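# Structural characterization, general
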Amino acid sequence: MLLRYRYRMYPDAGQRAALAKAFGCARVVYNDGLRLRQEAFAAGRGFIDDGELQKRVITQGKRTPQRAWLAEVSSVALIQSLRDLNRAYSAFFAAQRGERRGPVVGLPRFKSKRDSRQSIRLTSNAFRLRDDGKLSVAKVGAADRYWASFAVEVARRLLPRVDAECGIDLGLTYFGMASGGDRIQAPRFLRQAERKLKRPHRELPPKQKGSANR
């Protein structure tokens, strides 16, 4: 079972530039891979396998003047971008065979640099969590902003089997009411958090970023 955790990061100017370069390179690799596969289909050459696609797009691409700058970012981000393309094709073919549930999935489309949501995907050997709690990304450094999302595999925990049954009715006055008559009070996490945040929010604006008080 996978659990996903999402954290806000705050990179400095140099780190933002490095991340922008990684986003751009990953997008170009994705589009190059998609273009090669479309050309292969149009020419009747069939589906280019993953290893050959990686070799032509990344390995050979770095040796050309037009794509030499791909070597400036983590190769893991580039490889994962092609794997994202493979997953997009797999989802499309599975949908065509009727093996995939959910919304209709179309063929992969080219990514635009004008899209406000840019991302890269890394495996565990391309980043590390430092002792000071900061995230260090290959060829970027310690990032203190943007969003970092981690998928963590954990052991599946099954609830013990019981003979009793219980129905729960969700409501507004009470969070829930069990069929046996027990009432579950609403936790009101948001209201409690809002009350706690009022004072810190008032104190934050006049403090200088990077100061001891902030």
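The text that follows walks through the structure, step by step, so that each part is easy to find. (Residues numbered from 1 in each chain as written. Predicted model: local features only at pLDDT ≥ 70, side-chain atom pairs only at ≥ 80, totals over all residues. Heavy atoms only, no water.)

## What to know about the overall build of the protein
This is how the line gets drawn: Strands are runs of DSSP state E lasting at least two residues, helices are runs of H or I lasting at least four, and both sets are numbered from the N terminus onward. A radius of gyration in this sense is built from C-alpha atoms; the matching globule rule multiplies 2.2 Å by the number of residues raised to 0.38. Per-residue accessibility, obtained with a 1.4 Å probe over protein chains only, is compared with the maximum for each type, and a residue is labelled buried under 20%, exposed over 50%, and partly exposed between these values. Only the protein chains shown count as cover for residues, and the accessible areas themselves come from Shrake-Rupley with a 1.4 Å probe.
Secondary structure summary: the protein contains 4 helices and 8 strands in total. Here the protein has a C-alpha radius of gyration of 24 Å; the compact-globule value for 214 residues is 17 Å, and the former is much larger. Here the protein, with 214 residues, has 25% of them falling under the buried criterion. With the model as given, the accessible surface of the protein reaches about 16,400 Å², and the carbon-plus-sulfur share is 51%.

## Here's the deal with helix α4 (residues 189-203)
Just so we agree on the cut-off: What a helix should span is 1.5 Å times the count of its residues minus one. The angle separating two fitted axes, one through the seven residues that finish at a residue and one through the seven that start at it, defines the bend at that residue.
With 15 residues, α4 should cover 21 Å at 1.5 Å per step; its first-to-last C-alpha distance of 22 Å lies within 8% of that length. Bending of α4 peaks at approximately 35° at the position of L197, with proline P200 no more than four residues after it. For α4, a buried count of 0 out of 15 residues is recorded, marking the element as mostly open to its surroundings.

## A short note on the packing of helix α1 (residues 13-42) against helix α2 (residues 50-59)
Which entries qualify depends on this criterion: Axis lines are fitted through C-alpha atoms, for helices just across the contact stretch, and the angle between N-to-C directions can take any value from 0 to 180 degrees. Roughly parallel refers to an angle under 35 degrees, roughly antiparallel to one over 145, roughly perpendicular to one between 65 and 115, and oblique to any angle outside these ranges. Rotating anticlockwise by less than a right angle from the far helix to the near helix defines a left-handed crossing, while the corresponding clockwise rotation defines a right-handed one. Whether two residues are in contact is decided by their heavy atoms, any of which lying within 4.5 Å being enough.
Contact pair α1 / α2: the axes reach a minimum separation of 10 Å and the direction vectors enclose 120°. Regarding the angle of α1 to α2, the classification is oblique. Two packed elements cross with a definite hand, and for α1 against α2 that hand is right-handed. Only D50, L53, R56, V57 and I58 of α2 make contact with α1, whose side of the interface consists of V29, D32, G33, L36 and R37.

## Here's the deal with the layout of surface pockets
The following threshold applies: Each cavity reported here is a set of points on a 1 Å grid over the protein atoms alone in which a 1.4 Å probe fits but cannot get out, each pocket an open set with protein on both sides within 12 Å along at least five of seven lines, and each lining residue one with an atom within 4 Å of a point. Grid points are joined across faces, edges and corners, and a volume is the space filled by probe spheres set on the points. The nonpolar class holds Ala, Val, Leu, Ile, Met, Phe, Trp, Tyr, Cys and Pro. Asp, Glu, Lys and Arg form the charged class, and all remaining residues, Gly among them, are polar.
Of the volumes computed, that of the largest pocket is approximately 1,400 Å³. In this structure, the largest pocket is lined by 35 residues; those nearest its centre are D84, Q118, S119, I120 and R121. Those elements that provide at least two residues to the lining of the largest pocket are β1 (2-10), α1, α3 (75-96), β3 (135-137) and β5 (145-153). A per-class count over the lining of the largest pocket returns 18 nonpolar, 8 polar and 9 charged.

## A closer look at the nonpolar core
Our working definition: The criterion is simple. A nonpolar core is a set of buried Ala, Val, Leu, Ile, Met, Phe, Trp, Tyr and Cys residues joined through side-chain atoms within 4.5 Å.
Grouped together as the largest cluster of nonpolar side chains are 17 residues, with contacts concentrated most on V29, L53, V57, I58, L78, L82 and L85. At the level of secondary structure, the elements contributing two or more residues to this core comprise α1, α2 and α3. Residue contributions to this core peak at 7 residues, all from α1. Excluding residues that lie within four positions of it along the chain, L82 makes contacts with V29, G33, L53, Q54, V57 and I58. Core analysis: the second largest hydrophobic core is formed by 9 residues, M9, A18, L135 and V137 among them.

## Things to note about α2
Applicable threshold: Working note: the arc is built from the helix axis to C-beta atom directions. For this analysis, a polar contact is any N or O atom pair within 3.5 Å, provided that within protein one partner can donate a hydrogen and the other can accept it, and provided that sequence-adjacent residues contribute only side-chain to side-chain pairs.
Along α2, the positions that sit buried rather than exposed are L53, V57 and I58. Looking straight down α2, one finds that the buried residues subtend no more than 95° of arc, so they occupy a single side. Buried residues along α2 sit against α1 and α3. Where α2 begins, the capping side chain belongs to D49, and its oxygen is found 3.1 Å from the backbone nitrogen of G51.

## A word on the pattern of salt bridges
Selection rule: Throughout this description, the term salt bridge denotes a Lys or Arg side-chain nitrogen within 4 Å of a carboxyl oxygen of Asp or Glu.
Applying the stated criterion across every chain yields a total of 8 salt bridges. Of the charged contacts, one joins D50 and R37 as a salt bridge, the two residues approaching to 3.1 Å between their closest N and O atoms. Residue D50 is located in helix α2, and its partner R37 is located in helix α1; the two are separated by 13 residues in the primary sequence. Taking relative accessible area as the criterion, R37 reaches 1% and is therefore assigned buried. The closest approach of N and O atoms between R199 and E203, which form a salt bridge, is 2.9 Å. Separated by 4 residues within a single helix, R199 and E203 lie in helix α4, roughly one turn from each other.

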